[in-house]
Amino acid sequence: MIREKSLLCKIIRIKSSSKDLFDSYMNRFQPETETCPCCGSKGNCSIHAYYGRRIIDFKAGRKSVDDVCVLRVICGSCGHTHAILPDTIIPYDRYGIFFILRVLAERFLLGLAVEQICERFSITRNQFYKWLHLWCAHKEEWLGLLTSAETTDGAFLKTLAGMPSFSSFTSAFIRLTAHSFLQSHRNPADYCQQVFSP
């Protein structure tokens, strides 16, 4: 998998949906400029295939479901294939990063009850608690045990929202942990994943 940096600004400034950002990034993507995360070969990637995927977002005050077309490239040097995923999309999850952060913000910053949040965003309590558990685990991985315990969830969320480039955080998180922020399961030990700038 090749994770692409597309959130090169503060996430609080982003007014587009995850699908719009995905489409915008993929329109300017050039596979021949990529470096294979498995063998390190540069300039040997080409289009291999596409697959469809749904992404759930929150726009215009409502939950929305959009289809995206994910590109897979193949390395001409080693033969490995890689999905190209901008960082607006969480690997193996149908919910976009903005949707999940919005849900968590309503809890951490507005103090809404879980029932209110679940009704507003049309999610189950199990889904909400899954995200809350991931958030806590990834916050601890990023900050360390002691700093995480001393930092409120709201303060950490505000820090993420205020970063000049959210992509810088997501890239550093992948390099530190070998999985994407809020990704629900770890990649296999031999899995190749890299982060590249557009």
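Located above this text is the structure these notes cover.
Residues numbered from 1 in each chain as written. Predicted model: local features only at pLDDT ≥ 70, side-chain atom pairs only at ≥ 80, totals over all residues. Heavy atoms only, no water.

1. Quick word on the overall build of the chain
Scanning the chain for helices and strands turns up seven helices and five strands. N-terminal to C-terminal, the α/β element order of the chain is β-α-β-β-β-α-α-α-α-α-α-β. Taking the intrachain contacts of the chain between residues at least 6 apart in sequence as the baseline, contacts between residues at least 24 apart amount to 65%. In the structure as shown, the chain presents an accessible area of about 9800 Å², 51% of it carried by carbon and sulfur atoms. (Helix = DSSP H or I, 4+ residues; strand = E, 2+ residues; numbered from the N terminus. Contact = heavy atoms within 4.5 Å. Areas by Shrake-Rupley, 256 points an atom, 1.4 Å probe, with all protein chains shown as cover.)

2. As for the pairing of strand β3 (residues 62-75)
Direction of pairing for strand β2 (residues 45-59) relative to β3: antiparallel, over a ladder of 14 bridges. Looking at β3, one finds that I56 is bridged to V65. The loop that links β2 with its antiparallel partner β3 comprises two residues; one of these, A60, has a positive phi angle of about 55°. One ladder, built from three bridges, connects β3 with strand β4 (residues 81-86); its direction is antiparallel. Bridge pairing links R72 to A83 in β4. Count of turn residues in the β3/β4 antiparallel hairpin: five residues, of which G79 carries a positive phi of about 85°. (Pairing = 2+ DSSP bridges.)

3. What to know about the packing of aromatic side chains
Inspection of the entire model under this criterion finds 16 aromatic pairs. Seen from their ring centres, W142 and F173 are 6.3 Å apart, and the 35° between their planes marks the pair as tilted. Of this pair, W142 sits in helix α4 (residues 125-143) while F173 sits in helix α7 (residues 166-177), and the two are 31 residues apart along the sequence. Since its relative accessible area comes to 0%, F173 is described here as buried. Aromatic ring contacts, followed pair by pair, group F108, W135, W142, F156, F166, F169, F173 and F181 into a single cluster. (Phe/Tyr/Trp six-rings, centres within 6.5 Å; stacked < 30°, edge-to-face > 60°. Buried < 20%, exposed > 50% of the residue type's maximum accessible area, 1.4 Å probe, protein only.)

4. Structural notes on the packing of helix α2 (residues 97-108) against helix α3 (residues 114-121)
It is at 10 Å that the axes of α2 and α3 come closest, and there the two elements cross at 150°. Accordingly, the angle class assigned to the pair α2 and α3 is roughly antiparallel. Handedness of the crossing formed by α2 with α3: right-handed. Here F99, R102, V103, E106 and R107 of α2 come into contact with α3, specifically with V114, I117, R120 and F121. Residue classes in the contact of α2 with α3 are distributed as five nonpolar, no polar and four charged. (Axes fitted to C-alpha atoms, helices over the stretch in contact; angles between N-to-C directions. Parallel < 35°, antiparallel > 145°, perpendicular 65-115°, else oblique. Left-handed = near helix turned anticlockwise from the far one by under 90°. Nonpolar A, V, L, I, M, F, W, Y, C, P; charged D, E, K, R; others polar.)

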